[in-house]
Amino acid sequence: MILFKGKTNDLNTLFPPTLKLDEQICVRNGISTRSKFLIGFYDIALYLGKMTEDAHTAITSNDAKQLRMVARRTIKGALLEKAFKDGIKAHASLDEYAAVASAIDEVFGELFATDSIKEGEMFTIEFSPDKGVRLNYSNHSHFPYINQAGFDQALLRTWLGDNPISQEIKKDLLGQQ
């Protein structure tokens, strides 16, 4: 499913104000754009069971939540894998990282090994309190849930932790700007 072709600044069009996840209405807590050296890579929105400006609350709540991203350019699977692993490493002890690294390979292995996120395609990380974490990528929704303790929080800390990939994105996703 191609959501748009080319660049758009209308993030409200890409990310609706609410969505339903696990029979729960989640609200868009914040939206942002990931860019580096003035090149936009993806637009991102954080959906939570209830809005919060507090990172710890967003990371640890037992409500359904979702990170929804739309690629602004084609992103190779290997690059995405490295970004996820680096983000998780920045917030975990060696033991914590070792525990979730296998989950990353299990959840994202097929995408990282064989595919890319193409420009305009949606990539979501769904956090279900009952089922675990699942990747959804455009029309590929067959990825399994991973129900491993701490995996959900390790992923969310990549964007919302003490040392996020971008302070600006963290503030945007938490509605602080």
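Calculation rules
- Residues numbered from 1 in each chain as written.
- Predicted model: local features only at pLDDT ≥ 70, side-chain atom pairs only at ≥ 80, totals over all residues.
- Heavy atoms only, no water.
- Helix = DSSP H or I, 4+ residues; strand = E, 2+ residues; numbered from the N terminus.
- Buried < 20%, exposed > 50% of the residue type's maximum accessible area, 1.4 Å probe, protein only.
- Contact = heavy atoms within 4.5 Å.
- Core = buried A, V, L, I, M, F, W, Y, C linked by side-chain atoms within 4.5 Å.
- 1 Å grid on protein atoms, 1.4 Å probe; cavity = no way out; pocket = protein on both sides within 12 Å on 5 of 7 lines; lining within 4 Å.
- Points joined across faces, edges and corners; volume = space filled by probe spheres on them.
- Nonpolar A, V, L, I, M, F, W, Y, C, P; charged D, E, K, R; others polar.
- Pairing = 2+ DSSP bridges.
- Expected span 1.5 Å × (residues − 1).
- Arc of directions from axis to C-beta.

**Student:** So what's going on with the overall build of the protein? Which residues, and what values?
**Tutor:** Broken down by element type, the protein carries 6 helices and 8 strands. In the protein, the order of α-helices and β-strands from amino to carboxyl end is α-β-β-β-α-β-β-α-α-β-β-β-α-α. By the burial criterion, 49% of the 177 residues in the protein qualify as buried. If you take every contact in the protein between residues at least 6 apart in sequence, the share linking residues at least 24 apart comes to 61%.

**Student:** Run through the nonpolar core, naming residues and quoting values.
**Tutor:** Nonpolar side chains tend to gather and get buried jointly when the protein is soluble and globular. Judged by nonpolar contacts, the single largest core of 37 residues is most densely connected at Leu67, Phe123, Ile125, Trp159 and Leu160. In terms of residues, this core owes the most to one element, helix α5 (residues 151-160), which gives 6 residues. Counting residues in hydrophobic clusters, the runner-up holds 10 residues, among them Leu19, Leu21, Cys26 and Ala64.

**Student:** A description of empty space enclosed by the protein should follow, citing residues and the corresponding values.
**Tutor:** If you walk through the whole model with that rule in mind, you get 1 cavity of 30 Å³ or more. Computed from the structure, the largest cavity encloses a volume of approximately 50 Å³. Together, Tyr42, Met69, Val70, Ala71, Ile75, Leu80, Ile117 and Phe123 line the largest cavity. Looking at the lining of the largest cavity, the element that brings in the most residues is strand β4 (residues 65-71), giving 3 residues.

**Student:** Just give me the short version of α5, but keep the residues and values in it.
**Tutor:** Of all 10 residues making up α5, 7 are buried, and the element is well covered by its neighbours. For α5, the complete set of buried residues consists of Phe151, Ala154, Leu155, Leu156, Thr158, Trp159 and Leu160.

**Student:** Describe the layout of surface pockets, with residues and values.
**Tutor:** Quantified by volume, the largest pocket comes out at close to 500 Å³. If you trace the largest pocket, you find 20 residues lining it, with Arg34, Tyr42, Leu79, Ala83 and Ile165 closest to the centre. Those elements giving two or more residues to the lining of the largest pocket turn out to be β2 (24-36), β3 (39-48), α3 (77-89) and α5. Looking at side-chain class alone, the lining of the largest pocket contains 13 nonpolar, 3 polar and 4 charged residues. By volume, the second largest pocket amounts to about 220 Å³. Lining the second largest pocket are 20 residues, and of these Ser128, Pro129, Gly132, Asn147 and Asp152 lie nearest its centre. No other element matches the 3 residues that α5 contributes to the lining of the second largest pocket. Grouping the amino acids of the lining of the second largest pocket by side-chain chemistry returns 8 nonpolar, 9 polar and 3 charged.

**Student:** Describe the pairing of strand β8 (residues 132-137), with residues and values.
**Tutor:** Summarising burial for β8: 6 of the 6 residues are buried, a large majority. In the sheet, strand β7 (residues 122-128) pairs with β8 via 6 bridges, with the strands oriented antiparallel. Bridging from a neighbouring strand, threonine 124 pairs with asparagine 136 of β8. The loop that links β7 with its antiparallel partner β8 comprises 3 residues.

**Student:** Break down α3 for me, with residues and values.
**Tutor:** For α3, built from 13 residues, the straight-helix expectation of 18 Å at 1.5 Å per residue is met to within 8% by its first-to-last C-alpha distance of 18 Å. Residues Gly77, Leu80, Phe84, Lys85, Gly87 and Ile88 constitute the buried set of α3. The buried residues of α3 occupy an angular sector of 160° when the element is viewed end-on, so they sit on one face. Residues of α3 that are exposed and angled more than 90 degrees away from the buried face: Ala78 and Leu79.

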